[in-house]
Amino acid sequence: QVQLVESGGGLVQAGGSLRLSCAASGRTFSRYAMGWFRQAPGKEREFVAAINWSGYSTYYADSVRGRFTISRDNAKNTVYLQMNSLKPEDTAIYYCAADATRLGLSPEIYEYDYWGQGTQVTVSS
């Protein structure tokens, strides 16, 4: 019922910045809570950040709090992840996800109903 397409990944030096975008389809996008997750090789997929339907409530993993900022533009059906002060340990495939069943925030993978294909972020030292 909704399709998500991530973009903006790439190679960046430690300390640099990237801005990821997630373009969503669906007429009810403005009511979806949205999240970003990441998965590094050999590791489980982990929560990064989430934002509620209005964009006024956000939640971050401890590992990225203060460095990453999640935001959304409902008029453009797009969610963003601004990534500053990047570290090599941030290297992963980053996935956008949509929660179509609730309006709040969740760091739990099982709460999300739709997923994008991911975009690679590589941070060199």
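Whatever comes next refers back to the structure up there.
Residues numbered from 1 in each chain as written. Predicted model: local features only at pLDDT ≥ 70, side-chain atom pairs only at ≥ 80, totals over all residues. Heavy atoms only, no water.

**Here we look at the overall build of the protein chain**
From N to C terminus, the protein chain includes zero helices and eleven strands. Relative to the compact-globule value of 14 Å for 125 residues, the protein chain shows a C-alpha radius of gyration of 13 Å, a close match. In terms of its C-alpha atoms, the protein chain occupies a principal-axis envelope of roughly 40 × 25 × 25 Å. Buried residues in the protein chain amount to 43% of all 125 residues. The contacts of the protein chain with a sequence gap of at least 6 include a subset with a gap of at least 24, amounting to 58%. Surface accessibility of the protein chain: about 6500 Å² in total, with carbon and sulfur atoms responsible for 46%. Across the protein chain, the centroid of the 12 positively charged side chains sits 6 Å from that of the 11 negatively charged ones. (Helix = DSSP H or I, 4+ residues; strand = E, 2+ residues; numbered from the N terminus. Rg over C-alpha atoms; globule rule 2.2 N^0.38 Å. Buried < 20%, exposed > 50% of the residue type's maximum accessible area, 1.4 Å probe, protein only. Contact = heavy atoms within 4.5 Å. Areas by Shrake-Rupley, 256 points an atom, 1.4 Å probe, with all protein chains shown as cover. Lys, Arg positive; Asp, Glu negative; His and termini not counted. Charge placed at Lys NZ, Arg CZ, Asp CG, Glu CD.)

**Digging into the nonpolar core**
Judged by nonpolar contacts, the single largest core of 36 residues is most densely connected at L4, M34, W36, L81 and Y94. Every element with two or more residues in this core is listed here: β3 (18-24), β4 (33-39), β5 (46-51), β7 (68-73), β8 (78-83), β9 (92-99) and β11 (119-124). Sequence-distant contacts of L4, that is, excluding residues within four places in its chain, are made with C22, A23, A24, M34, C96, A97, A98, Y114, W115, G116 and Q117. (Core = buried A, V, L, I, M, F, W, Y, C linked by side-chain atoms within 4.5 Å.)

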